Amino acid sequence: MKIQIDLKSAVCGLIVGVAAMFAIGADSSSNQVGRYQIQTCPGNPSGYAVVLDTATGKVWMGNGNANQLRSDGNFFDPK
């Protein structure tokens, strides 16, 4: 059994498929889930934690009290 494929239909299907892939890949949402990563030190009795902003690479360290070690003065400001 011989199968014939219409060249015009095949090209149109290819173009529609490529256009659909571009449309799906062009998602421009600003979903920032996972931007901030938090790591704690469970073996450390002082309870220090490290916060990493994966978009900028900025790191903050602290233990949640007023005498904490931090990389800048605005550790508790909204991120």
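Scroll up for the structure.
Residues numbered from 1 in each chain as written. Predicted model: local features only at pLDDT ≥ 70, side-chain atom pairs only at ≥ 80, totals over all residues. Heavy atoms only, no water.

S.K.: Where do I start with helix α1 (residues 7-25) in this structure?
M.R.: Structural remark: α-helix, 3.6 residues per turn; residues separated by three or four positions point the same way. Taking 1.5 Å as the rise per residue, α1 with 19 residues should run 27 Å; its terminal C-alpha atoms sit 27 Å apart, in good agreement. Of all 19 residues that make up α1, 0 are buried, and the element is exposed over most of its length. (Helix = DSSP H or I, 4+ residues; strand = E, 2+ residues; numbered from the N terminus. Expected span 1.5 Å × (residues − 1). Buried < 20%, exposed > 50% of the residue type's maximum accessible area, 1.4 Å probe, protein only.)

S.K.: Sorry if this is basic, but what is going on with the side chain of Asp53 here?
M.R.: Its place among the elements puts Asp53 in strand β2 (residues 49-53). A polar side-chain atom of Asp53 sits 2.7 Å from a polar atom in the side chain of Arg35. Those residues within four positions of Asp53 in sequence are excluded, and the remaining contacts are Arg35, Tyr36, Lys58 and Trp60. (Polar contact = N/O pair within 3.5 Å; in protein donor to acceptor, adjacent residues only side chain to side chain. Contact = heavy atoms within 4.5 Å.)

S.K.: Just checking my understanding: could you explain the sheet that holds strand β1 (residues 36-40) for this structure?
M.R.: Across a sheet, strands are paired by hydrogen bonds formed along the backbone, either parallel or antiparallel in direction. If you trace the 3 strands from one edge of the open sheet to the other, you get β1-β2-β3, paired in antiparallel fashion. Edge positions in the open sheet fall to β1 and β3 (59-62), since each of these has one partner strand only. Strand-to-strand twist in this sheet, taken as the mean axis angle between neighbours without regard to direction, amounts to 15°. Inspection of the sheet shows β1 paired to β2 by 5 bridges, in the antiparallel sense. Across the sheet, residue Ile38 finds its bridge partner in β2, namely Val51. (Pairing = 2+ DSSP bridges. Axes fitted to C-alpha atoms, helices over the stretch in contact; angles between N-to-C directions.)

S.K.: Looking at this structure, I do not really get the pattern of salt bridges. What am I missing?
M.R.: Oppositely charged side chains can pair when the atoms bearing their charge come close. For the coordinates displayed, the defined rule picks out 1 salt bridge. Between Arg35 and Asp53 there is a salt bridge; the shortest N-O distance is 2.7 Å. One end of the pair, Arg35, is in the loop between α1 and β1; the other, Asp53, is in strand β2, with 18 residues separating them in the sequence. Note on Asp53: relative accessible area 3%, which makes it buried. (Salt bridge = Lys/Arg side-chain N within 4 Å of Asp/Glu carboxyl O.)

S.K.: Please clarify how the environment of Gly62 should be interpreted in this entry.
M.R.: Structurally, the position occupied by Gly62 is in strand β3. Overall, Gly62 belongs to the buried group, its relative accessible area being 6%.

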